[in-house]
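# Structural description and commentary
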Amino acid sequence: MGVFLCSFSPIFGDISPGGILYPRESESREVRSLDGVWNFRLSPIDEPAQGLTQKWYQQELRKTGDIVPMPVPASYNDIGPNVTFRTFWGLAWYDRTFFAPSSWKDQRIWVRFGSVCYAAQVWVNGKEVVSHEIGHLPFSGEISQALNYGGNNVITVAVNNTPDQTTVPQGRINKVKTSDGIKYVLYFDVDFFQYSGIDRPVYLYTTPKVYIDDISLKTDIENDTGVVNFNVSILGFSEDSEEPVIAVNLYDKDGQVVAESTGAEGELRVPNANLWWPYLMHPEPAYLYTLEVIVNGNESDVYRHPVGIRTVSWTNTSLLINNQPFYLRGFGRHEDSDIRGKGVDYSLITKDYNLIKWFGANGYRTSHYPYAEEILDFSDRQGIAHEHIRRSGFSEELLKNHKTSLSELIRRDKNRPSVIMWSIANEADTDEDDAVPYFEAVVTHVKTLDRTRAVTQAINKSYKTDKVAQFLDVICINEYYGWGSTVGIQEVVKHMVMVDVTSWHQLHNKPVVVSEYGTDTMVGYHSVGRFQLPSSGGSEEYQMEVMSRQFEAFDEAHSEGYLAGEMIWNFADFMTDQRTKRVNGNRKGVLTRTRQPKASAHLLRRRYHSLARKLDNATIA
């Protein structure tokens, strides 16, 4: 079967106006963090628009009423002093002051948010400078004209977490009668807690008047030569001015120039290139070069961008990285932890990546939203591949928002070597007739933006009724045999998994990845002993028994040649809304929420180490 090698020109389609490069210091750029403790207050429940009507953004927030301290980045839900913070919906307000030095006057000054969930309006000194809708993605705005140079400035942010059936993710407000009157309850159509707030870093950064707005990269391999195609976008110069002079250099890890070029578009060729490989697939995984772009010499703008040289391709049975078969072994995950919710925390990120490597995994799903750039930097540097994912439903307005979110996602992460697939939805109603034009449009949209990666989505409908897999490059399936309706009859697991995987492949002639499987498990609950035989659902023993039967099916399907990966649900226990089937969250993790191993963690580690030795010839201590 042939490999579908994907290349096209231009490197990427027209994603959206403006780039979203991560703030990096250079000879021409200064970066200042606004992370720390901000002032915070919630809008009154009975008057949610009060902050807008009374123009709280035109003064310091402390002058509008009682405030509390709030860390940034963090979700506010579990930090507040009462249940109101956890269940709040509507406008939440933040502000803080910062100093703008007089030396910034001759530059452009920008503010950049890594993410605000869900929507945000931002003011500086009472002037609106930027707004954004759709959480988990960055946005920025120029604030040069709003600043008080040589003095203090006030930045104010209004955060709106109110969902409807056109937001991504979808949700609704339910009206409930209580003894105290009517209560409005926030409900999202997802099985994880929808934390809110400024949950990723906030930066101020400077650029020259003429500046590098965006960089698009596509890498390829020709024999032993690595190829980096680049496209640089420069803004800030007028039509009647001289066209900017652009120099592009590529450095290896030791800081030596290995290739150079000039111009806004071009090609860099690296003989005997060090390729970017996933963890345990090569003795030296995740090799990164540094691309340096200089505009008009050092007097104008300089930006440096990490580059991993690698290819992603696929056949009708397999995924390939650098033309070598790649079997995905990993997890579904969530950005989730005690107190900080989805807030970026380097201690937690480092711990999680140490654990991912302890397991011997080589990838994971960013379920069910784009993860923080700070997290993905670890993937690029350590060789952990992943697929990016969004959820979905159907309507013209939702389709518009869905496309926008994917455009912004691809704009942000198009250059990352660790991103190998774009996942357009999770557990959508793909058996409905309306799903056909909807997802055909979504897939077409993604492929106009990037044809270098596979397009997939996680499907939980039957292969007999699904109408959408026909549009995908790789079919991901979520199956819970041994749980749900088959809990307690684990004998069916192997047979039903084999029927599922085989049928999906035979029907569509495409590679299949099991993107979810697993069981809820209460740590410390044991059901095999003197009093209770055999194992029962929810026990640590039952989780391991179901996993073992899943592994038997995976091995058989992989030996048949069409299973391209397996990802357990979930890496760690995580929080959900309160509901009868969720006692303090989802307990399907092989780790607890505090990252302590259940018995299944050791079973999974033995499994992944064995696969790494067998499939990748890995040497593991």
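The name an unreviewed UniProt entry gives the chain is Beta-glucuronidase, with Timema douglasi as the organism. What UniProt states about the chain under its Sequence similarities (unreviewed entry) heading is, verbatim, "Belongs to the glycosyl hydrolase 2 family." Under the UniProt heading Function (unreviewed entry), the note attached to the chain is "Plays an important role in the degradation of dermatan and keratan sulfates."

Helices and strands together make up the secondary structure of the chain, namely 9 helices and 30 strands. A compact globule built from 621 residues should have a C-alpha radius of gyration of about 25 Å, and the chain, at 25 Å, falls within 12% of that. In terms of its C-alpha atoms, the chain occupies a principal-axis envelope of roughly 75 × 75 × 50 Å. Looking at the 621 residues of the chain, the share that counts as buried comes to 60%. If you take every contact in the chain between residues at least 6 apart in sequence, the share linking residues at least 24 apart comes to 72%. Total accessible area computed for the chain in this model is approximately 24900 Å², and 48% of it derives from carbon and sulfur atoms. Taken as two groups, the 63 positive and 78 negative side-chain charges of the chain have centres that lie 5 Å from each other.

Ordered in space as β16-β15-β18-β19, the 4 strands form an open sheet in which the pairing is antiparallel. This sheet does not close on itself; its edge strands, each paired only once, are β16 (257-262) and β19 (301-307). Mean inter-strand twist for the sheet, computed between neighbouring axes without regard to direction, equals 15 degrees.

What follows deals with the sheet that holds strand β20 (residues 312-314). Taken in spatial order, the 3 strands line up as β20-β21-β22 in an open sheet, and their pairing is antiparallel. The sheet is open, and its two borders are formed by β20 and β22 (324-326), each paired with just one other strand. When the angles between neighbouring strand axes are averaged without regard to direction, this sheet yields 40 degrees.

Each domain of the chain was delimited in the assignment, giving domain 1 (31-161 + 196-207), domain 2 (211-310) and domain 3 (330-616). Put simply, the middle of domain 1 and the middle of domain 3, counted by C-alpha atoms, are 34 Å apart. On the side of domain 3, 23 residues touch domain 1, which itself brings 17 residues to the contact. Here domain 1 meets domain 3 over a buried area of about 1500 Å², counting both sides, of which 49% is carbon and sulfur. In terms of surface lost to domain 3, no three residues of domain 1 exceed His 136, Leu 137 and Arg 200, which account for 33% of the buried area on that side. The interface formed by domain 1 and domain 3 contains 2 salt bridges. Of the charged contacts in the structure, one is a salt bridge between Glu 373 and Arg 112, with a shortest N-O distance of 2.7 Å. Counting across the domain 1 and domain 3 interface gives 7 residue pairs in polar contact (both at pLDDT 80 or more). Here the residues of the side of domain 1 that touches domain 3 sort into 7 nonpolar, 5 polar and 5 charged.

Two faces belong to every sheet, and in a regular strand the side chains alternate between them. By the bridge criterion, 6 bridges tie strand β6 (residues 119-124) to strand β7 (residues 127-133) in an arrangement that is antiparallel. Directly across from Ala 119, in β7, lies its bridge partner Glu 133. Between β6 and β7, which pair antiparallel in sequence order, lie 2 residues; one of them, Asn 125, sits at a positive phi of approximately 55 degrees.

Right, let's get into the side chain of Glu 540. Here Glu 540 is to be found in helix α8 (residues 540-560). No salt bridge is formed by the buried Glu 540; the nearest opposite charge belongs to Lys 598, separated by 7.4 Å. Beyond its immediate sequence surroundings of up to four residues, Glu 540 is in contact with Thr 521, Met 522, Val 523, Gly 524, Tyr 525, His 526, Lys 598 and Ala 599.

So, about unusual backbone geometry. Following Cys 117, the chain continues to Tyr 118 via a peptide bond in cis, the omega torsion being 10 degrees. When you line up the elements, Tyr 118 lands in the loop between β5 (108-113) and β6. Following Ser 367, the chain continues to His 368 via a peptide bond in cis, the omega torsion being -5 degrees. One non-glycine residue, His 136, lies in positive phi territory at about 70 degrees.

It is worth spelling out the nonpolar core at this point. Core analysis: the biggest nonpolar cluster contains 85 residues, and Phe 331, Phe 359, Tyr 364, Ile 424, Phe 439, Val 501 and Leu 604 have the highest contact counts within it. When we break this core down by domain, the ones giving at least three residues each are domain 1 (31-161 + 196-207) and domain 3 (330-616). Apart from residues no more than four positions distant in its own chain, Phe 331 is found in contact with Ile 356, Phe 359, Ala 361, Gly 363, Tyr 364, Arg 365, Met 567, Ile 568, Phe 571, Val 590, Leu 604 and Tyr 608. Core analysis: the second largest hydrophobic core is formed by 50 residues, Val 31, Phe 230, Val 270 and Leu 275 among them.

What follows deals with the packing of aromatic side chains. Inspection of the entire model under this criterion finds 29 aromatic pairs. Their ring planes at 75 degrees and their centres at 5.9 Å tell us that Tyr 22 and Tyr 203 sit as a pair that is edge-to-face. Linking Tyr 22 in the segment before β1 (31-33) with Tyr 203 in strand β12 (residues 202-207), this pair joins segments that are 181 residues apart in sequence. Overall, the relative accessible area of 14% leaves Tyr 22 in the buried class. Owing to a relative accessible area of 15%, Tyr 203 belongs among the buried residues under this scheme. With 6.1 Å between their ring centres and 25 degrees between their planes, Tyr 364 and Tyr 371 make a pair best called stacked.

Here we take up helix α5 (residues 396-413). Taking 1.5 Å of rise per residue, the 18 residues of α5 would be expected to cover 26 Å, and the 26 Å separating its terminal C-alpha atoms lies within 8% of that figure. α5 sits mainly inside the fold: 13 of its 18 residues count as buried.

Per the stated rule, a full pass over the model turns up 32 salt bridges. Residue Glu 267 pairs with Arg 269 through a salt bridge whose shortest N-O separation is 3.2 Å. Using a relative accessible area of 37% as the deciding quantity, one classes Glu 267 as partly exposed. Note on Arg 269: relative accessible area 37%, which makes it partly exposed. Of the charged contacts, one joins Lys 447 and Asp 473 as a salt bridge, the two residues approaching to 2.7 Å between their closest N and O atoms. Of the two residues, Lys 447 sits in helix α6 (residues 435-449) while Asp 473 sits in the loop between β27 (454-459) and β28 (475-478), which places them 26 residues apart along the sequence. For Lys 447, a relative accessible area of 17% puts it in the buried group.

Right, let's talk about the environment of Ser 539 for a bit. With respect to the helices and strands, the residue Ser 539 is situated in the loop between β29 (512-516) and α8. Spatially, the C-alpha atom of Ser 539 lies 55 Å from that of Gln 256, the residues being 283 residues apart in sequence. Not counting residues within four places of it along the chain, the set of residues in contact with Ser 539 comprises Thr 521, Tyr 525, His 526 and Ser 527. Among the polar contacts listed, one links the side chain of Ser 539 to the backbone oxygen of Ser 536, at a separation of 2.8 Å. Reaching out from Ser 539, the side chain makes a polar contact with the backbone nitrogen of Tyr 542 at a distance of 3.0 Å.

Definitions and limits used
- Residues numbered from 1 in each chain as written.
- Predicted model: local features only at pLDDT ≥ 70, side-chain atom pairs only at ≥ 80, totals over all residues.
- Heavy atoms only, no water.
- UniProt positions renumbered as here; feature names shortened; annotations may be inferred.
- Helix = DSSP H or I, 4+ residues; strand = E, 2+ residues; numbered from the N terminus.
- Rg over C-alpha atoms; globule rule 2.2 N^0.38 Å.
- Buried < 20%, exposed > 50% of the residue type's maximum accessible area, 1.4 Å probe, protein only.
- Contact = heavy atoms within 4.5 Å.
- Areas by Shrake-Rupley, 256 points an atom, 1.4 Å probe, with all protein chains shown as cover.
- Lys, Arg positive; Asp, Glu negative; His and termini not counted.
- Charge placed at Lys NZ, Arg CZ, Asp CG, Glu CD.
- Pairing = 2+ DSSP bridges.
- Axes fitted to C-alpha atoms, helices over the stretch in contact; angles between N-to-C directions.
- Domains from an automatic or database assignment.
- Buried area = accessible area lost by both parts, 1.4 Å probe.
- Salt bridge = Lys/Arg side-chain N within 4 Å of Asp/Glu carboxyl O.
- Polar contact = N/O pair within 3.5 Å; in protein donor to acceptor, adjacent residues only side chain to side chain.
- Nonpolar A, V, L, I, M, F, W, Y, C, P; charged D, E, K, R; others polar.
- Core = buried A, V, L, I, M, F, W, Y, C linked by side-chain atoms within 4.5 Å.
- Phe/Tyr/Trp six-rings, centres within 6.5 Å; stacked < 30°, edge-to-face > 60°.
- Expected span 1.5 Å × (residues − 1).

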